[in-house]
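Okay, here's what each chain looks like letter by letter:
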2 protein chains.
Amino acid sequence: MVKQFEGSLLAKALGDELRAKIKDVCRAVLERATPSEPERQRTLEFSRRLAESLRLELLREGLDADVQIEGSVAKDTWLAEEKDIDIFVLLPAEYGKDVFSRVLEAAKRISGEKYLEAYAEHPYLEAYIDGFTVNFVPCFKVKDAVEAKSSVDRTPFHTLYVKSRLNEQVKNEIRLLKAFMHGIGVYGAEIKVGGFSGYLCELLTLYYGSFLNVLEAAAKWRKGEVIDIEGYYKIPDEARRIFRDEPLIVIDPVDRNRNVASAVRVDRLCEFILASRLFLKRPDIRFFYPETTKAYKVDELLRAINSRGSALVFIKTRAIKAVPDILWGQLYRSQRAIKNLIEQFDFEVIRSDVWSDEKSTVIFVFEVHSRFLPALERHVGPPIEKVDDCERFLSKHLVSEQVLSGPRIEGDRLIVERRRRYTDVVSLLRDKLKDGGRNLGVASLVSKALADSLEILVNEEIMGFYSSNGDFAIFLTNYLRGKPSWLI
Amino acid sequence: MVKQFEGSLLAKALGDELRAKIKDVCRAVLERATPSEPERQRTLEFSRRLAESLRLELLREGLDADVQIEGSVAKDTWLAEEKDIDIFVLLPAEYGKDVFSRVLEAAKRISGEKYLEAYAEHPYLEAYIDGFTVNFVPCFKVKDAVEAKSSVDRTPFHTLYVKSRLNEQVKNEIRLLKAFMHGIGVYGAEIKVGGFSGYLCELLTLYYGSFLNVLEAAAKWRKGEVIDIEGYYKIPDEARRIFRDEPLIVIDPVDRNRNVASAVRVDRLCEFILASRLFLKRPDIRFFYPETTKAYKVDELLRAINSRGSALVFIKTRAIKAVPDILWGQLYRSQRAIKNLIEQFDFEVIRSDVWSDEKSTVIFVFEVHSRFLPALERHVGPPIEKVDDCERFLSKHLVSEQVLSGPRIEGDRLIVERRRRYTDVVSLLRDKLKDGGRNLGVASLVSKALADSLEILVNEEIMGFYSSNGDFAIFLTNYLRGKPSWLI
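Residues numbered from 1 in each chain as written. Chains lettered and ligands numbered in written order. Predicted model: local features only at pLDDT ≥ 70, side-chain atom pairs only at ≥ 80, totals over all residues. Heavy atoms only, no water.

## Quick look at the overall build of chain A
Tallying secondary structure elements over chain A gives 19 helices and 15 strands in all. Dimensions along the principal axes, computed over C-alpha positions, put chain A at roughly 80 × 65 × 55 Å. Counting across all 488 residues of chain A, residues that qualify as buried make up 55%. Of the roughly 22000 Å² of accessible surface on chain A, 49% is carried by carbon and sulfur atoms. Averaged over its 75 positive side-chain charges, chain A has a centre that lies 2 Å from the centre of its 75 negative ones. (Helix = DSSP H or I, 4+ residues; strand = E, 2+ residues; numbered from the N terminus. Buried < 20%, exposed > 50% of the residue type's maximum accessible area, 1.4 Å probe, protein only. Areas by Shrake-Rupley, 256 points an atom, 1.4 Å probe, with all protein chains shown as cover. Lys, Arg positive; Asp, Glu negative; His and termini not counted. Charge placed at Lys NZ, Arg CZ, Asp CG, Glu CD.)

Right, dumping it as structure tokens:
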């Protein structure tokens, strides 16, 4: 790594002191991020043994299947202490989808007691064995990635592609990039994060040649950046037309029709860009290993809330039982729906967020300008040119008890000021969410949870739960600070 | 009138009962709106005598001038009890503008004690004699209206054009239209009103043939309606290109480059359109002669204010000495400037208005959602792609005492929540207007008045002045009702 960096264009542009500082930081990070030889051996042996056991089980079942280790373990690019193992079961395409359940049953037999059955495009099994999280993923064997029927069918091709281009030096560069992304909170394609997958980190490193080259490039990325490693498209705009509006476009080297970065949300992309710029100016190990947040003490929390003068509205429900991608997909969708509801009734949302421990509780936060709005609201009617609409508007509002003043003309439109339906955002939410708010766009599982365990708290009313849940306390402290830890 | 109405297309479309009702209303209106024979004689004789006196005075001065009666008295189209007389002094174009003062001096000599010297495009004298308001207007004699150097030079041509097309029937129709416009509050081209001039009423009646035909047509007008009596333009769009964005375009028959309706504001136009539609459906003499508003009693006023839940902010100053067109031009301009100021600091203006008795007091009303805003405000920074702007934003906000949370990324932008400069709209206004607010766009005379007599009152604090000034009480009552009297 260090050698490559010294030869890069970037290095020449940087001052000696800064160069030395970056070298030091990267060296320290690599020491922490590279698995020790004992860890490597243990992880590899454990993975091979599991794969072998599953192979035997499937043989006993009379299934014609290849069992392969995939993911970062297969490529030797995992970060120290990462305990994720992916074991894929490649099945002939002639088999129907019902074979999946037989594979999962076999996987259960070798997994012990602790596992979750989950479902993305295919069903899969997430098992917790000896401190590892092991994903058993059945998929179909295809001749070419382009023929893949689901994204997991494509995974073996990704592994082959990356492995054939690796060497020890590149593995270090990949680990630096993954650790950086992890440290600034943009690592992981899961819905909760909406960031960069391990495969994407590997491709970026291969494409740009080194960790620092990736950062140097990212510092200059623009929205709709196109990275086409195998040169499938003549010009970037050709790719942009296909992957319209995606903030980052990285063409999959094994399938020109896929954007490897399709999970990357614009916030995460911009955070990576900004963090890259800042790291290159002020290198610091905290980008990789941030200090853990110390939650506010209760009196600090009260002061922080009061100094804002806004209203923090917490919507609390029981937990939702679903694998994380389903859970967070539903939470984010519901957050948007509730935000729309609040804004539709004229309350101004300053910010919103959602927290869940994935086990017992979900809490949405909506921060509004003010819990209360004045009794009256402007209601703008039709333009005077719409004769029938005006007639209807007048016959409705000339006699309405709800009208406080008007109707009258303003500009070219009819207008009234009428009594506002909801002057208290809490009444609004209680009313509209008591049956789950399904028709407002709240996602199904969240809607059920709201219907049977809705609780609405404002500002200091959250104190009880805050004091009882350390993870939520950290979440709310971070919310109130509103600043990423790496922004220093 | 009645005959003409019976023959119109409209009449055929209306039911018998409605037709009879409209006839009755119009008959009753004409009885009130047509000056009695004694009033006519007195007005005409008085005008002629004044003109004669002035002619003699000017002769004595050695000035070569024609003295003419203009306006509705000249055309015999004034409304009963209207006491406005226009006396024009036509001077040869060779004279310079300094001759105007000699004309005004002569006018003063025949006017007695009560008069105001005023200035529009030219200086003129407004005198109050024997219960009449007499405008003495010097202007230049030109061969053709197109050569007019100011709008008053064009007036004699307007008088000639209308007079040559009048008969007794048409005079009745004109009086009906003027009385209707007056009753619904859209009569008068002065800046305070922004409505339809007498000349415009006359032209509309001549063009459409009758009062009811005007209403029937207006009911279907659209914004940018073009009325080209003499057919100067091939297609309406040709006229629209010249009088861009004017809501109503009536080409002056004596000058194709003038829009007679240029003073008509879009609110007034739409009020006329809507009132026309309503009158044709539900004819009522109240369109012409509305009931006078009875001001709220003090306890009713308090209830009306409280039921709104908003904050009515009154900005009160001493009077401004200027003729009405200057005064109202400055008041409206200042109202817009102050509204912009309030909105710029994030207070939401529901409605605003301005009142003046033109003698002692000016009061601006700004109704805002809430007098107070939360301590914190969102401050949206540059998009991440603007590298230098981001750098500046960060270096400013990372250390600022005013930042309550952030900076962070939201979407593709940097953002902070910071302490709001003004949380009380009253402090904002006091601060920004104490020196008159000239740099904010407040007009010069208003700015001076604010600088030496600014008073800011909220809600019930207006009670003292309300109780002491009947005209303001009616204004505020009308404001709170917010409904034109003819909207029934």
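## Points about the relation of the copies chain B and chain A
Copy one and copy two of the chain differ by a rotation about a common axis and a shift along it. For the pair chain B and chain A, the relating rotation is 179°, the translation along its axis is 0.0 Å, and the fit reaches an RMSD of 0.2 Å. Here the symmetry operator amounts to a two-fold rotation axis. Among all C-alpha atoms of chain B, that of B:S370 lies closest to the rotation axis, at 5.0 Å. A shared binding surface is used by both copies, with 98% of the interface residues of chain B retained as interface residues in chain A. (Least-squares fit on C-alpha atoms with pLDDT ≥ 70 in both. Contact = heavy atoms within 4.5 Å.)

## Quick word on the interface of chain B and chain A
Quite often, the size of an interface is put as the accessible area lost when its parts meet. Between chain B and chain A, the contact holds 51 residues from the first and 50 residues from the second. Across the chain B to chain A interface the summed buried area is about 4500 Å²; carbon plus sulfur atoms make up 57%. In this assembly, chain B and chain A are joined by 10 salt bridges. Linking A:K281 and B:E391 is a salt bridge whose minimum nitrogen-to-oxygen distance equals 3.4 Å. On inspection of chain B and its partner chain A, the count reaches 32 residue pairs in polar contact (both at pLDDT 80 or more). (Buried area = accessible area lost by both parts, 1.4 Å probe. Salt bridge = Lys/Arg side-chain N within 4 Å of Asp/Glu carboxyl O. Polar contact = N/O pair within 3.5 Å; in protein donor to acceptor, adjacent residues only side chain to side chain.)

## Examining the side chain of B:T77
Position of B:T77 relative to the elements: it lies in the loop between α5 (71–75) and β2 (84–91). Beyond its immediate stretch of four places on either side in the chain, B:T77 contacts B:S72, B:L166, B:K171, B:I174, B:R175, B:K178 and B:E202.

## Some points on the nonpolar core
Membership of the largest hydrophobic core comes to 65 residues, with the highest contact counts inside it found for A:F180, A:F196, A:L204, A:F211, A:W221, A:F272 and A:F279. In terms of residues, this core owes the most to one element, helix α12 (residues 266–281) of chain A, which gives 9 residues. The next biggest cluster of nonpolar side chains, apart from the first, holds 64 residues, and it includes A:I384, B:V25, B:V142 and B:C270. (Core = buried A, V, L, I, M, F, W, Y, C linked by side-chain atoms within 4.5 Å.)

## Remarks on the packing of helix α8 (residues 168–183) of chain A against helix α9 (residues 198–208) of chain A
Residue and element names in this part refer to chain A. Following both chains from N to C, one finds α8 and α9 inclined at 125°, their axes separated by 9 Å at the closest point. Compared by their axis directions, α8 and α9 come out oblique. The two elements α8 and α9 meet at a crossing, and its hand is right-handed. Two secondary-structure elements touch here, α8 through V170, E173, I174, L177, K178 and M181 and α9 through G198, C201, E202, L204, T205 and L206. By residue class, the composition of the contact of α8 with α9 is 7 nonpolar, 2 polar and 3 charged. (Axes fitted to C-alpha atoms, helices over the stretch in contact; angles between N-to-C directions. Parallel < 35°, antiparallel > 145°, perpendicular 65-115°, else oblique. Left-handed = near helix turned anticlockwise from the far one by under 90°. Nonpolar A, V, L, I, M, F, W, Y, C, P; charged D, E, K, R; others polar.)

## Quick notes on a positive patch on the surface
The grouping of A:R333, A:R336, A:R438 and A:K448 at the surface amounts to a positive patch. Structurally, A:R333 is set in helix α14 (residues 324–344). (Patch = residues over 30% accessible without salt bridge, like charges linked within 9 Å, V, L, I, M, F, W, Y side chains within 5 Å.)

## Some points on the pairing of strand β8 (residues 255–259) of chain A
All names here are of chain A. Two strands pair when backbone bridges link them, and strand β7 (residues 248–252) and β8 are joined in this way by 2 bridges, in the antiparallel orientation. In the strand pairing of β8, I251 is matched with N259. In this antiparallel pair of consecutive strands, β7 and β8, the connection spans 2 residues. (Pairing = 2+ DSSP bridges.)

## Some points on the pattern of salt bridges
Tallying each qualifying case throughout the model produces 83 salt bridges over all chains. Among the salt bridges present, the one from A:R40 reaches A:D76, with a minimum N-O distance of 3.3 Å. One end of the pair, A:R40, is in helix α4 (residues 37–60); the other, A:D76, is in the loop between α5 (71–75) and β2 (84–91), with 36 residues separating them in the sequence. Under the relative-accessibility criterion, A:R40 is labelled partly exposed at 23%. A salt bridge links A:K141 to A:D66; the shortest N-O distance between them is 3.8 Å. One end of the pair, A:K141, is in the loop between β5 (132–140) and α7 (151–163); the other, A:D66, is in strand β1 (residues 66–70), with 75 residues separating them in the sequence. A:K141 gets classed as partly exposed once you look at its relative accessible area, which sits at 32%. Through salt bridges that share partners, A:R308, A:R351, A:E367, B:R378, B:R408, B:E410 and B:E417 make up one connected network.

## Considerations on empty space enclosed by the protein
Considering all chains together, one arrives at 1 cavity of 30 Å³ or more under this definition. Roughly 30 Å³ of volume is contained in the largest cavity. What lines the largest cavity is A:L274, A:R277, A:L278, B:V387, B:C390, B:E391 and B:L394. Counting residues per element, the ones that place at least two in the lining of the largest cavity are α12 of chain A together with α15 (387–397) of chain B. Broken down by element, the lining of the largest cavity gets its largest block of residues, 4 residues, from α15(B). Across the lining of the largest cavity, the residue classes tally to 5 nonpolar, no polar and 2 charged. (1 Å grid on protein atoms, 1.4 Å probe; cavity = no way out; pocket = protein on both sides within 12 Å on 5 of 7 lines; lining within 4 Å. Points joined across faces, edges and corners; volume = space filled by probe spheres on them.)

## Re the sheet that holds strand β4 (residues 123–129) of chain B
Residue and element names in this part refer to chain B. Here we have 5 strands laid out as an open sheet, ordered β1-β2-β5-β4-β3, and mixed in their pairing. The sheet terminates laterally at β1 (66–70) and β3 (115–119), the two strands that pair on one side only. Strand-to-strand, the axes of this sheet are offset by a mean angle of 25°, without reference to chain direction. Bridge count for β2 against strand β5 (residues 132–140) is 8 bridges, and the pairing is parallel. Paired with I85 across the two strands is V134, which belongs to β5. Its contacts with the sheet put helix α6 (residues 99–111) on β2, β3, β4 and β5, and the angle it makes with β4 is roughly 5°.

## Comments concerning the packing of aromatic side chains
Following the criterion strictly, the structure yields 46 aromatic pairs over all chains and no others. An aromatic cluster is built from A:F180, A:F196, A:F211, A:W221, A:F272, A:F279, A:F287, A:F288 and A:W486, whose rings are joined through pairwise contacts. It is A:R32 that lies over the ring of A:Y289; its NZ or CZ is 3.7 Å from the centre. Positioned above the aromatic ring of B:Y233 is the side chain of B:R256, whose terminal nitrogen or guanidinium carbon lies 4.4 Å from the ring centre. (Phe/Tyr/Trp six-rings, centres within 6.5 Å; stacked < 30°, edge-to-face > 60°. Lys NZ or Arg CZ within 6 Å of the ring centre and 35° of its normal.)

## Some remarks on helix α13 (residues 298–308) of chain B
Residues and elements named next belong to chain B. The complete set of buried residues in α13 reads L301, A304, I305 and R308. What you see down the axis of α13 is that its buried residues fit within an arc of 95°, all on one side. Along α13, exposed side chains directed more than 90 degrees from the buried face belong to R303 and N306. G309, located one to two residues past α13, shows a positive phi value of around 75°. (Arc of directions from axis to C-beta.)

## Digging into the sheet that holds strand β13 (residues 403–410) of chain A
Residues and elements named next belong to chain A. Reading across the sheet, the 3 strands line up as β12-β14-β13 and stay open at both edges, with antiparallel pairing between neighbours. Looking at strand neighbours, the two that pair on one side only are β12 (376–383) and β13, the edges of this open sheet. Neighbour to neighbour, the strand axes of the sheet diverge by 20° on average, direction disregarded.

## Concerning unusual backbone geometry
Note the cis peptide between A:G406 and A:P407, where omega equals 0°. Topologically, A:P407 is positioned in strand β13. Located in the positive-phi region is A:D346, a residue other than glycine, with phi close to 80°. Tracing the backbone through its elements, the reader meets A:D346 in the loop between α14 and β10 (349–356). Relative accessible area serves as the criterion here: at 38%, A:D346 is assigned to the partly exposed category. The residue B:D130 is not glycine, and still its phi comes out positive at about 50°. As for its placement among the helices and strands, B:D130 is situated in the loop between β4 and β5.

## Some words on the side chain of A:S310
Within the element layout of this structure, A:S310 appears in the loop between α13 (298–308) and β9 (311–318). According to the relative accessible area criterion, A:S310 is buried, its value standing at 7%. Residues within four places of A:S310 in sequence aside, it is in contact with A:I350, A:E367, A:V368, A:H369, A:N459, B:P374 and B:L376.

## Quick look at helix α7 (residues 151–163) of chain B
Residue and element names in this part refer to chain B. Compared with the 18 Å implied by 1.5 Å per residue over 13 residues, the 19 Å span of α7 between its first and last C-alpha is a close match. Of all 13 residues that make up α7, 10 are buried, and the element is covered over most of its length. If you check which residues of α7 are buried, you get V152, D153, R154, T155, P156, F157, H158, T159, Y161 and V162. (Expected span 1.5 Å × (residues − 1).)

## Thoughts on the environment of B:A218
All names here are of chain B. As for its placement among the helices and strands, A218 is situated in helix α10 (residues 211–218). Sequence separation between A218 and R102 is 116 residues; the distance between their C-alpha atoms is 45 Å. In this structure A218 touches F272, I273 and S276, once residues within four positions along its chain are discounted.

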